[in-house]
Amino acid sequence: MRKSTLMFVAYVIAFPFVYFANDIIALGGYSSFPVASLTGKSLMSLVLAGIILVVLTPLNRRLLDWRKSRGRDIEDEERYESDHGLISLTPKDKD
């Protein structure tokens, strides 16, 4: 999958875990989660998303290689996309 999509998936995995961690820890009888505000939870989920991203990157590499062997080169397609997702006829790296 594309790098931006991979980062989004990592954040989507991390945010619910951090958001509901206070309830999960409270069910176990432990003290509450040290980060109580939504802003703190968002920042903490970004850190956790970075950790998840490190774990998912080798898996993504294998997925890209698998798709490339079947005729779909995502990295080559990204050369023709702008930062906004629009496709052009000339590659980005060409001057």
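Because the structure is a prediction, the values reported are computed rather than measured.

About the cut-offs
Residues numbered from 1 in each chain as written. Predicted model: local features only at pLDDT ≥ 70, side-chain atom pairs only at ≥ 80, totals over all residues. Heavy atoms only, no water. Helix = DSSP H or I, 4+ residues; strand = E, 2+ residues; numbered from the N terminus. Buried < 20%, exposed > 50% of the residue type's maximum accessible area, 1.4 Å probe, protein only. Contact = heavy atoms within 4.5 Å. Areas by Shrake-Rupley, 256 points an atom, 1.4 Å probe, with all protein chains shown as cover. Core = buried A, V, L, I, M, F, W, Y, C linked by side-chain atoms within 4.5 Å. Salt bridge = Lys/Arg side-chain N within 4 Å of Asp/Glu carboxyl O.

Asks: Could you clarify how one ought to interpret the overall build of the protein chain in this entry?
Replies: Scanning the protein chain from terminus to terminus reveals 3 helices and 0 strands. Here the protein chain holds 95 residues, and 18% of them are scored as buried. Counted over contacts in the protein chain with a minimum sequence separation of 6, partners at least 24 positions apart contribute 49%. On the protein chain, roughly 7300 Å² of surface is accessible, and the fraction owed to carbon and sulfur atoms is 65%.

Asks: It is not clear to me how the environment of Val9 should be interpreted in this structure. Could you clarify?
Replies: With respect to the secondary-structure elements, Val9 resides in helix α1 (residues 3–27). Looking at Val9, the relative accessible area reads 28%, which means it is partly exposed. In sequence terms Val9 and Ile52 are 43 residues apart; their C-alpha atoms lie 9.3 Å from each other.

Asks: So what exactly am I meant to see when it comes to the side chain of Asn60 here?
Replies: Within the element layout of this structure, Asn60 appears in helix α2 (residues 38–69). Using a relative accessible area of 7% as the deciding quantity, one classes Asn60 as buried. Ignoring sequence-local partners within four residues, the contact set of Asn60 consists of Met1 and Leu6.

Asks: Is there a simple way to explain the nonpolar core in this structure?
Replies: Generally speaking, nonpolar side chains in soluble globular proteins are found buried as a group. If you look at the biggest cluster of nonpolar residues, it comprises 6 residues: Leu6, Ala10, Ala14, Ala49, Ile52 and Leu56. Of all the secondary structure elements, the ones that give two or more residues to this core are α1 and α2.

Asks: What exactly am I supposed to notice about the environment of Tyr11 here?
Replies: Relative to the helices and strands, Tyr11 resides in helix α1. When its relative accessible area of 26% is taken as the criterion, Tyr11 is described as partly exposed. Residues Tyr11 and Ile52, 41 residues apart in the sequence, show an inter-C-alpha distance of 8.3 Å. Ignoring sequence-local partners within four residues, the contact set of Tyr11 consists of Pro16, Ser42, Ser45, Leu46 and Ala49.

Asks: Any chance you could explain the pattern of salt bridges here in plain terms?
Replies: Pairs can form between side chains of opposite charge once their charged atoms are near each other. Applying the stated criterion across every chain yields a total of 1 salt bridge. We note a salt bridge from Arg61 to Asp65, for which the minimum N-O separation is 3.4 Å. One end of the pair, Arg61, and the other, Asp65, are both in helix α2, 4 residues apart, so they sit about a helical turn from each other. Take Arg61: its relative accessible area is 37%, and that puts it in the partly exposed class.

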